[in-house]
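Coordinate inspection notes
Listed here are the chains, written in short residue letters.
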Amino acid sequence: MNANALRRIGIAAAIFCASLSIVVFALLLLVQHDSFVEAARGAAPLAIYALFGAFGAVMTQYLPR
């Protein structure tokens with residue numbers, strides 16, 4: 001795999017995790033009637049994975065070509 005393919009996979013993973021984090025946050029707020037802080041705490045692990053995915057996508061620029 002080349003660096004461009006790895007970067008695209010990292011961006012796709014970051015977008016997927018970020019959107020899933022937003023959905024989990026909304027479901028916890030609206031369906032479970034959790035407080036704002038509890039809903040944010042529940043969606044935080046997915047948001048962290050999204051940050052790692054974005055970081056990985058950016059760092060693939062520095063792979064040797």
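Everything discussed here concerns the structure shown above.
Residues numbered from 1 in each chain as written. Predicted model: local features only at pLDDT ≥ 70, side-chain atom pairs only at ≥ 80, totals over all residues. Heavy atoms only, no water.

Comments concerning the overall build of the protein
The helix and strand inventory of the protein stands at 2 helices and 0 strands. Computed over the C-alpha atoms, the radius of gyration of the protein is 15 Å, more than 25% above the 11 Å expected from 2.2 N^0.38 for a compact globule of 65 residues. Across its three principal axes, the protein shows a C-alpha extent of roughly 50 × 15 × 10 Å. Counting across all 65 residues of the protein, residues that qualify as buried make up 18%. A separation threshold of at least 6 residues defines the contact pool for the protein, and within that pool the share at least 24 residues apart is 56%. Surface summary for the protein: the accessible area is close to 4,900 Å², and the carbon and sulfur share equals 73%. (Helix = DSSP H or I, 4+ residues; strand = E, 2+ residues; numbered from the N terminus. Rg over C-alpha atoms; globule rule 2.2 N^0.38 Å. Buried < 20%, exposed > 50% of the residue type's maximum accessible area, 1.4 Å probe, protein only. Contact = heavy atoms within 4.5 Å. Areas by Shrake-Rupley, 256 points an atom, 1.4 Å probe, with all protein chains shown as cover.)

Some remarks on unusual backbone geometry
Its identity as a non-glycine residue notwithstanding, His33 has a phi of 60°, on the positive side. Relative to the assigned elements, His33 resides in the loop between helix H1 (3-30) and helix H2 (36-59). What makes His33 exposed here is its relative accessible area of 65%.

Notes on a nonpolar patch on the surface
Together, Val23, Leu27, Leu30 and Val31 make up an exposed nonpolar region whose accessible area comes to about 390 Å². Considering the arrangement of structural elements, one finds Val31 in the loop between H1 and H2. (Patch = residues over 30% accessible without salt bridge, like charges linked within 9 Å, V, L, I, M, F, W, Y side chains within 5 Å. Salt bridge = Lys/Arg side-chain N within 4 Å of Asp/Glu carboxyl O.)

A word on H2
Residues that lie three or four places apart on an α-helix share one face, since the helix turns once every 3.6 residues. Compared with the 34 Å implied by 1.5 Å per residue over 24 residues, the 33 Å span of H2 between its first and last C-alpha is a close match. Residue Ala44 marks the point of greatest curvature in H2, where the axis turns by about 45°; the proline Pro45 follows within four residues. Along H2, the residues classified as buried are Ala39, Ala43, Ala50, Gly53 and Ala57. Taken together, the buried residues of H2 touch H1. (Expected span 1.5 Å × (residues − 1). Bend = angle between axes of the 7 residues up to and from the residue.)

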